Amino acid sequence: MAERTAESTAKPETGNSAAIAEAFADGPAYVPYLAVGDPSYEASLEYVRALDRGGADVIELGLPFSEPIAEGPTIQGALVRSLDGGMTPDRFFAFAEELDVDAPLVCMTYYNLIYQYGEEAGPRPFVERAAAAGIQGLVVPDLPAEEADPLREACDEFGLDLVFIVAPTTVGDRLDRIMGRVSGYVYVQARLGTTGARDDVSEQTTESLDRLAEYDVPKAVGFGISAGEHAERIVAGGADGIIVGSALVDIVAGGVEEDLPTDEVADRLEALSRELKEGAERGHAARVGAAESR
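Visitor: Explain the nonpolar core to me, please; I cannot follow it from the model alone.
Guide: Within soluble globular proteins, side chains that are nonpolar generally end up buried alongside one another. Of all hydrophobic cores here, the largest spans 98 residues; its most connected members are Leu138, Leu151, Met179, Tyr185, Ile242 and Leu269. Ranked by the residues each element gives to this core, the list is headed by helix H2 (residues 41-53), at seven residues.

Visitor: Can you help me understand the pairing of strand S2 (residues 59-62) in this one?
Guide: On a regular strand, one side chain projects to one face of the sheet and the next to the other, so that they alternate. Side chains of S2 alternate between two faces, with Ile59 and Leu61 and Glu60 and Gly62 buried alike. Taken together, the three bridges between strand S1 (residues 29-35) and S2 define a ladder with parallel strand orientation. Paired with Tyr33 across the bridge in S2 is Glu60. Sheet topology places S2 next to strand S3 (residues 105-108); four bridges connect them, and they run parallel. Directly across from Ile59, in S3, lies its bridge partner Leu105.

Visitor: Just checking my understanding: could you explain the environment of Val265 for this structure?
Guide: Tracing the chain through its elements places Val265 in helix H12 (residues 262-292). Taking the relative accessible area as the measure of exposure, Val265 reaches 1% and is therefore buried. On a C-alpha basis, the gap between Val265 and Ala43 in space is 9.2 Å, while along the polypeptide they are 222 residues apart. The residues contacting Val265, other than those within four sequence positions of it, are Tyr47, Ile251, Val252, Gly255 and Leu260.

Visitor: Is there a simple way to think about the sheet that holds strand S6 (residues 165-166) in this case?
Guide: Sheets are built from strands paired through backbone hydrogen bonds, the pairs being either parallel or antiparallel. The nine strands lie next to each other as S5-S4-S3-S2-S1-S9-S8-S7-S6, forming an open sheet whose pairing is parallel. Here the strands that pair on one side only, and so sit at the sheet edges, are strand S5 (161-163) and S6. Pairing of S1 with strand S9 (residues 241-244) involves four bridges; the strand directions are parallel. Residue Pro32 lies in a different strand from S9, and its bridge partner there is Val244.

Visitor: Could you clarify how one ought to interpret the pattern of salt bridges in this entry?
Guide: Side chains that differ in charge, positive against negative, can pair when their charged atoms come close. Under the defined criterion, the tally for this structure stands at 15 salt bridges. A salt bridge links Arg49 to Asp100; the nearest nitrogen and oxygen atoms lie 3.0 Å apart. Of this pair, Arg49 sits in helix H2 while Asp100 sits in the loop between helix H4 (89-98) and S3, and the two are 51 residues apart along the sequence. Residue Arg49 is classed as buried on the basis of its relative accessible area of 18%. Taking relative accessible area as the criterion, Asp100 reaches 59% and is therefore assigned exposed. With a closest N to O distance of 3.7 Å, Glu128 and Arg124 form a salt bridge. Of this pair, Glu128 and Arg124 both sit in helix H6 (residues 124-132), four residues apart, roughly one helical turn. For Glu128, a relative accessible area of 37% gives the class partly exposed. On the basis of relative accessibility, which here comes to 31%, the residue Arg124 falls in the partly exposed class.

Definitions and limits used
Residue positions are given per chain, counting from 1 as you read along its sequence in written order. Totals for whole chains, interfaces and linings use every residue, but because this is a predicted model, local features are given only for residues with pLDDT of at least 70 and side-chain atom pairs only at 80 or more, for both listing and counting. Processing note: side-chain calculations cover all non-hydrogen atoms of the structure and skip hydrogens and water entirely. We call a set of buried residues a nonpolar core when its members are Ala, Val, Leu, Ile, Met, Phe, Trp, Tyr or Cys and they connect through side-chain atoms within 4.5 Å of each other. Any residue under 20% of the maximum accessible area for its type is buried, any over 50% is exposed, and the rest in between are partly exposed; the area is computed with a 1.4 Å probe on protein chains only. Here a strand is any run of E in DSSP of at least two residues, a helix any run of H or I of at least four, and the numbering for each starts at the N terminus. Paired strands, in this sense, are two strands between which DSSP finds at least two bridges. Residue contacts are counted whenever heavy atoms from the two residues lie within 4.5 Å of one another. Think of a salt bridge as a Lys or Arg side-chain nitrogen and an Asp or Glu carboxyl oxygen that are within 4 Å of each other.

Printed below as a string of structure tokens:
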């Protein structure tokens with residue numbers, strides 16, 4: 001875990017979720033993302049289960065918010081479809097409780113939903129309900145580290161990890177504040193801009209990983225990964241895991257556009273997941289081999 005600055009709140013040095021720690025303990029972690037309820041509650045259950053079968057080590061579940069500032073058009077479309085289908089925080093928690101997957105679950109959402117949930121103002125009711133539903137971590141893209149102490153405290157109380165996103169431009173004191181509050185893993189943004197699948201891997205990734213090398217917390221790289229080759233290169237370059245969202249959401253969106261059966265879309269998600277997981281494992285093997293040959 002990162003060394004705490006004077007401003008940091010106290011938290012376990014190893015993180016709160018044993019399952020998330022285990023996911024990163026033995027080789028690279030594959031962390032896929034889907035928006036819950038896209039395009040329907042029942043189809044979404046099958047799609048998340050497909051990710052688990054495809055080798056997911058941690059699964060990020062998107063709880064839709066009407067103004068997702070960090071998302072590109074692909075994931076914005078998924079969130080709109082989910083909201084149009086009636087997704088709410090309570091349905092999200094019911095969804096998590098209904099899932100029967102091996103991978104630990106992380107909720108990715110925005111702070112307004114967290115803060116306003118329940119009768120008591122503040123993040124504690126949301127975190128308590130998330131823990132009861134089996135959620136083991138949170139990613140909150142719009143929450144500055146400087147304002148995160150109440151959520152950090154609630155996560156520590158109920159045993160959830162709090163994952164922060166680090167952009168290529170995050171440096172200095174701000175980086176220290178983020179890394180002093182993060183637990184579980186840090187979401188390393190591979191490039192500037194919003195989410196979206198790309199055909200290449202940004203050179204900013206290596207620079208970001210080098211900048212984070214001194215912090216003892218797993219580094220999972222996201223934004224733009226869409227193929228096994230990308231996963232291989234990123235893990236070979238030093239990442240502890242990969243986070244993939246838009247490439248998977250594209251498959252769901254394609255299923256909607258083509259009116260495909262749920263099981264066919266699930267098969268495509270599972271196949272891409274296996275490709276990404278295998279690519280990450282090849283990258284890890286290459287990195288280990290290079291280290292041993294020195």
